[in-house]
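A structural walkthrough
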Amino acid sequence: MCHRFQPLLASELQEALNEQRVSGHPRVPARPEGLAVPDAYPGKEVPLFVVDAMGSLEVATLSWGFKTTVDGSSKLVFNTRMETALAQAQSGRGLWADPIVSGRCLVPVRGFFESYTKSPNPHRRPDVRFRLPGHRVFLLAGVRREGHFSLITTVPNASVATFHTRMPLVLGPGESRIWLGPGYASLADRSNLKLEATPQV
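Small disclaimer: the values here were computed from a predicted structure and weren't measured.

Here His3 is to be found in the segment before strand S1 (4-7). Side chain to side chain, His3 and Asp127 meet in a polar contact 3.1 Å long.

Moving on, we get to the pairing of strand S8 (residues 127-131). In this sheet, S8 lies alongside strand S7 (residues 104-115) in antiparallel orientation, the contact comprising four bridges. Paired with Ser115 across the two strands is Asp127, which belongs to S8. As paired elements, S8 and strand S13 (residues 196-199) share four bridges and run antiparallel to each other. Within S13, the residue paired with Phe130 across the bridge is Ala197.

Glancing now at the layout of surface pockets. Of the voids in this model, the largest pocket is the one considered here, and its volume is about 860 Å³. Mapped onto the lining of the largest pocket, the elements with two or more residues apiece are helix H1 (10-23), strand S2 (45-51), S7, strand S9 (138-145) and helix H5 (176-180). In terms of residue count, H1 provides more of the lining of the largest pocket than any other element does, five residues in total. Looking at side-chain class alone, the lining of the largest pocket contains 17 nonpolar, nine polar and five charged residues.

All right, on to the pattern of salt bridges then. Pairing between side chains becomes possible if they bear opposite charge and their charged atoms approach one another. Going through the model one piece at a time under the given rule, you end up with seven salt bridges. For the salt bridge of Glu83 with Arg81, the shortest nitrogen-to-oxygen distance reads 4.0 Å. According to the relative accessible area criterion, Glu83 is partly exposed, its value standing at 35%. Residue classification places Arg81 among the partly exposed positions, given a relative accessible area of 43%. The residue Glu83 makes a salt bridge to Arg166 at a minimum N-O spacing of 2.9 Å. Of this pair, Glu83 sits in helix H2 (residues 82-91) while Arg166 sits in the loop between helix H4 (158-161) and strand S11 (167-168), and the two are 83 residues apart along the sequence. Taking relative accessible area as the criterion, Arg166 reaches 9% and is therefore assigned buried. Linked through salt bridges whose partners overlap, the residues forming this network are Arg4, Asp39 and Asp127.

Scanning the entire structure with this criterion turns up eight aromatic pairs. Measuring from centroid to centroid gives 4.8 Å for Phe5 and Trp64, while their planes differ by 50 degrees, and the two rings are tilted. Of the two residues, Phe5 sits in strand S1 while Trp64 sits in strand S3 (residues 57-64), which places them 59 residues apart along the sequence. Note on Phe5: relative accessible area 0%, which makes it buried. An angle of 80 degrees between the planes, with centres 5.7 Å apart, marks the rings of Trp64 and Phe78 as edge-to-face. Remark: Phe78 occurs in the loop between strand S5 (73-77) and strand S6 (79-81) and Trp64 occurs in strand S3; sequence separation between them is 14 residues. The buried category is assigned to Phe78, whose relative accessible area is 18%. One aromatic cluster is present, formed by Phe5, Trp64, Phe78 and Phe149 through successive ring pairs. Over the aromatic face of Phe113 sits the side chain of Arg4, whose NZ or CZ is 3.7 Å from the ring centroid.

Our next topic: H2. Among the residues of H2, those classed as buried are Met82, Ala85 and Gln88. The buried side chains of H2 occupy one side of the element, clustering within an arc of 130 degrees when seen end-on. Of the surrounding elements, those touching the buried residues of H2 are S6, helix H3 (97-102), strand S10 (148-154) and H5. Just past H2, the residue Gly92 takes up positive phi, approximately 80 degrees.

Procedures and definitions
- Residues numbered from 1 in each chain as written.
- Predicted model: local features only at pLDDT ≥ 70, side-chain atom pairs only at ≥ 80, totals over all residues.
- Heavy atoms only, no water.
- Helix = DSSP H or I, 4+ residues; strand = E, 2+ residues; numbered from the N terminus.
- Polar contact = N/O pair within 3.5 Å; in protein donor to acceptor, adjacent residues only side chain to side chain.
- Pairing = 2+ DSSP bridges.
- 1 Å grid on protein atoms, 1.4 Å probe; cavity = no way out; pocket = protein on both sides within 12 Å on 5 of 7 lines; lining within 4 Å.
- Points joined across faces, edges and corners; volume = space filled by probe spheres on them.
- Nonpolar A, V, L, I, M, F, W, Y, C, P; charged D, E, K, R; others polar.
- Salt bridge = Lys/Arg side-chain N within 4 Å of Asp/Glu carboxyl O.
- Buried < 20%, exposed > 50% of the residue type's maximum accessible area, 1.4 Å probe, protein only.
- Phe/Tyr/Trp six-rings, centres within 6.5 Å; stacked < 30°, edge-to-face > 60°.
- Lys NZ or Arg CZ within 6 Å of the ring centre and 35° of its normal.
- Arc of directions from axis to C-beta.
- Contact = heavy atoms within 4.5 Å.

Spelled out as structure tokens, the structure:
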């Protein structure tokens with residue numbers, strides 16, 4: 001499951017929205033050299049795109065992870081299995097039923113990390129960074145509720161399966177509209193999406 005990613009700044013997201021309104025294309029400005037933006041971890045606040053009451057995108061800062069109680073203990077659930085969310089949407093019951101139906105959001109990233117769970121050396125399992133080739137910034141599918149968000153995960157494609165048993169639902173070019181629209185369930189299959197994997201030292 002995804003436990004770390006490289007987020008963007010709220011100001012970068014707002015500039016991208018402003019550019020989209022002018023030119024029709026969201027363009028993230030070049031980041032000043034030397035500017036370090038900390039990686040995002042569960043429980044941290046992250047800027048992302050949500051849909052406002054008028055159906056337009058806006059920037060919001062939400063906390064990564066839904067707070068829930070399991071067997072009397074508080075738990076932070078920061079990843080959402082697509083299969084589980086779809087089943088709950090159909091039944092109308094469960095933690096993900098409402099968020100997947102009416103709380104879908106977009107999480108812009110410069111890369112995300114998975115633990116190398118299939119490492120040949122069980123004593124050394126470095127993280128692997130994944131990026132979308134040809135894109136400085138790309139989108140992960142998310143769901144939100146009351147100031148919190150969770151990343152959607154799905155069955156890994158060939159790019160990720162070598163390293164891990166799950167992957168975030170990475171959106172390719174043009175797929176953000178599908179994720180935010182009624183046909184979102186069709187995006188569960190990521191087999192045709194190629195990602196670049198870089199094991200971290």
